[in-house]
Amino acid sequence: METRKKNPSSGFPIHKELEENIKILKQRLGFGVSFDFGVREMKLADREMAIFFLNGLTDNRTLVLILQVLSTLNRGDLSPQPFKELFQHYLTHVQVNLVKTIDEAADFILAGLFVLLVDGMDEGFVIDAREYPNRTPDEPDTERVVRGARDGFTESILVNTALTRRRIRDERLRIEMLRVGERSKMDVAILYLQDVADPGLVDLIRKKIRDIEVDGLPMAEKSIQEFVVGRGWNPFPLVRYTERPDVAATHILEGHVLIYVDTSPSVMITPTTFFHHVQHAEEYRQTPVTGAYIRWIRFLGIIASIFLLPLWYLYVKEPHLLPPEFSFIGPKKHGKVSLIVQLFLAEMGVDLMRMAAIHTPTPLATAMGLIAAVLIGDVAIKVGLFSPEVILYLSVAAIGLFSTPSYELSLANRLSRLFLIFMVYLFNAPGFLFGTLFFLLLLVTTRSLNTPYFWPFIPFNLKGIIHILVRMSLPLISTRPSIVHPQNGQKAGKG
């Protein structure tokens, strides 16, 4: 594990006098104040020893086994080389490392590892026996599939990397562990295939993570994202999140670099384009024809979520633009409130219902939905607050938003729709055209980690466009997407 901007040889060195080390560590870690910090002092084989640990983050069964082994030591068992004897013959745990400074020892203790210090030694032993509070890897709610794996990432980075290892049993899979945050010391892992991923991209992400200077990362992956890809006024997501190990493994095999953050079940996929956010695992769990149909329906829903309401509002304001066969479009009678106010009130109502559904306990969510449907869908129309067509088209647009696989992209599309409605209100048809042009220019000029966001349309890549529009059969996909600049472009064989 690498600690950002910390030299392992720097800091206060471990003293040969055990009492001095115990005194310093107790003071730094709040012994007697923090109830979970524990110290087990003992005298074995005529030597003073101490084991430091945190209750709740360590496996107490391992501590018992270590104490049982050490209790068998007799006088002279550690002579004449106590350090070598302990390391090679008695501390037989799988992961045992050395620590040379008090700073390192404190960091390891806070991370949930055992630290064993022995009187007369200026080095200590670090024993990895972490047991973080964790839940079972259940299927994520936002990425459910009809058929497929039911496991999902959890809040433990060790579990998440293991779920990925289970799917990619390749010796070239690399998992680099970094530590971020002066106070939180959060574990962050970078996963990639050594012979496939672009080395420049790996170096760029590694450097950006190392350069993070912050007290802590309470929001985990979202905080990392803002440091890695930057954040301005652009609402479109520049990384893709997934909670499915199979989706993560698929992108690693394509040449992407993934970022795992401890305490978060969401994994960041880099780099990504706009069209990475509109794909779903369900498309690849069905036959190619069925998967393509599902993808096209989803595309139509996303397009409707952005353009349906602004277009309807434009035709209401300028009915002469409508073809005769569509003359039925438009409200037969206007409500007591202007259409623009109705649209914005309805948009805010949908957002309020969405937020209320998130914060409402599951047993009450159904009742809340019924109340919202009755009040907004029926009473609001009868009293003249809303036009029936406003509710109709807003409902279709909302369904399109909910069908968007990426929650972050659906929020960005909602803001784009509000922007287009406002432009139509101000400038009618020219406003709609200008707003659409601005929307496209924003997508074209956006870059995520030096990657064009609107690829493969700009820059143009015919093969990439075909793979986006058509769900290809897996045996026909023999190359990796060129947008990630893979070292090995062939998916099968040596390439």
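Residues numbered from 1 in each chain as written. Predicted model: local features only at pLDDT ≥ 70, side-chain atom pairs only at ≥ 80, totals over all residues. Heavy atoms only, no water.

So, the environment of Gly230
Quick note on the threshold: Helix numbering and strand numbering both begin at the N terminus, where a helix is a DSSP run of H or I of at least 4 residues and a strand a DSSP run of E of at least 2. Any residue under 20% of the maximum accessible area for its type is buried, any over 50% is exposed, and the rest in between are partly exposed; the area is computed with a 1.4 Å probe on protein chains only. We call two residues in contact whenever any of their non-hydrogen atoms come within 4.5 Å of each other.
Within the secondary structure, Gly230 sits in the loop between α7 (221-228) and β9 (240-242). In this structure Gly230 comes out as partly exposed when scored by relative accessible area, which is 26%. Sequence separation of Gly230 and Leu449 is 219 residues, and the distance between their C-alpha atoms is 9.2 Å. Ignoring any residue separated from it by four or fewer positions in sequence, one finds Gly230 in contact with Gln225 and Leu238.

Section: a nonpolar patch on the surface
What counts, and what does not: Residues qualify for a patch when their relative accessible area is over 30% and they have no salt bridge, like charges being joined within 9 Å and the nonpolar side chains of Val, Leu, Ile, Met, Phe, Trp and Tyr within 5 Å. Per-residue and other accessible areas follow the Shrake-Rupley method at a 1.4 Å probe size, with only the shown protein chains counted as cover for residues. Just to be clear on terms, a salt bridge is a Lys or Arg side-chain nitrogen sitting within 4 Å of an Asp or Glu carboxyl oxygen.
On the surface, Trp296, Phe457, Ile458, Phe460, Leu462, Ile466, Leu469 and Val470 cluster together into a nonpolar patch covering about 740 Å² of accessible area. Among the elements that make up the nonpolar patch, the one with the highest residue count is helix α14 (residues 462-469) (three residues).

Focus: the packing of aromatic side chains
Where we set the bar: Stacked, tilted and edge-to-face are the three classes assigned to paired rings of Phe, Tyr and Trp, where Trp is represented by its six-membered ring and a pair needs centres within 6.5 Å; plane angles under 30 degrees give stacked, over 60 edge-to-face, the rest tilted. Here, a charge over a ring means that NZ of Lys or CZ of Arg falls within 6 Å of the ring centre while also lying within 35 degrees of the ring normal.
Across all of its chains, the model carries 18 aromatic pairs by this definition. With a centroid separation of 6.3 Å and 65° between ring planes, the pair formed by Phe236 and Phe274 is classed as edge-to-face. Taken together, the residues span a long stretch of sequence, with Phe236 in the loop between α7 and β9 and Phe274 in the loop between β11 (267-270) and α9 (288-317) at a distance of 38 residues. No difference in accessibility class separates Phe236 from Phe274, as the two residues are buried. Taking the centre distance of 5.5 Å and the plane angle of 45° together, the rings of Phe419 and Phe438 count as tilted. Take Phe438: its relative accessible area is 43%, and that puts it in the partly exposed class. These aromatic residues form a ring-pair network of at least three members: Phe236, Phe274, Phe275, Phe307, Phe432, Phe439, Tyr453, Phe454 and Phe457. Between the NZ or CZ atom of Lys26 and the centre of the ring of Phe31, over which it lies, the distance is 4.5 Å.

So, the confidence of the model for the chain
Cut-off, in case you're wondering: The pLDDT value tells you how sure the predictor is about a given residue, anywhere from 0 up to 100.
Predicted confidence across the chain gives a mean pLDDT of 87, with 91% of residues reaching 70 or more. Here strand β1 (residues 2-3) is the element of the chain with the lowest mean pLDDT, 50, and strand β10 (residues 257-261) is the one with the highest, 97. Scored below 50 in pLDDT, residues 3-9 shows 14 contacts in the model against residues more than four places distant or in partner chains.

Quick look at the layout of surface pockets
Stated formally: A 1.4 Å probe that fits but cannot get out identifies a cavity on a 1 Å grid over protein atoms alone, an open set with protein on both sides within 12 Å along at least five of seven lines counts as a pocket, and a residue lines either if it has an atom within 4 Å of a point. Grid points are joined across faces, edges and corners, and a volume is the space filled by probe spheres set on the points. We call Asp, Glu, Lys and Arg charged. Ala, Val, Leu, Ile, Met, Phe, Trp, Tyr, Cys and Pro are nonpolar, and the rest, Gly among them, are polar.
Of the pockets and cavities examined, the largest pocket occupies roughly 1100 Å³. Lining the largest pocket we find 41 residues, and of these Thr250, Glu254, Tyr284, Ile477 and Lys491 sit closest to its centre. Every element with two or more residues in the lining of the largest pocket is listed here: α8 (245-254) and α14. Among the elements that make up the lining of the largest pocket, the one with the highest residue count is α8 (six residues). For the second largest pocket, the calculated volume is near 680 Å³. In terms of lining, the second largest pocket is formed by 22 residues, of which the most central are Asp141, Thr142, Glu243, Tyr407 and Glu408. Listing elements by their share of the lining of the second largest pocket, those giving two or more residues are α7, β9, α10 (339-359) and α13 (407-445). Taken together, the residues of the lining of the second largest pocket sort by class into seven nonpolar, seven polar and eight charged.

Details of unusual backbone geometry
Between Thr270 and Pro271 the backbone carries a cis peptide bond, its omega angle lying at -15°. Tracing the chain through its elements places Pro271 in the loop between β11 and α9. Residue Pro459 is bonded to the preceding Ile458 through a cis peptide linkage, with omega at -5°. If you trace the backbone, Pro459 turns up in the loop between β13 (451-452) and α14. If you check the backbone angles, Leu449 has positive phi at about 55° while not being a glycine. Examined against the element boundaries, Leu449 turns out to sit in the loop between β12 (447-448) and β13. Assessed through its relative accessible area of 10%, Leu449 is described here as buried. Its identity as a non-glycine residue notwithstanding, His485 has a phi of 50°, on the positive side. By the element assignment, His485 lies in the segment after α14.

Some details on the pattern of salt bridges
Inspection of every chain in the model, using the stated rule, returns 29 salt bridges. Arg244 is the salt-bridge partner of Glu139, the closest N and O atoms lying 3.5 Å from each other. You can see Glu139 sitting in the loop between β6 (124-127) and α5 (157-167) and its partner Arg244 sitting in the loop between β9 and α8, a full 105 residues away along the chain. Across the pair, Arg244 and Glu139 agree in class, each one buried. In this structure, the salt-bridge partner of Arg172 is Asp170, at a minimum N-O distance of 3.0 Å. Given a relative accessible area of 34%, Arg172 falls into the partly exposed group.

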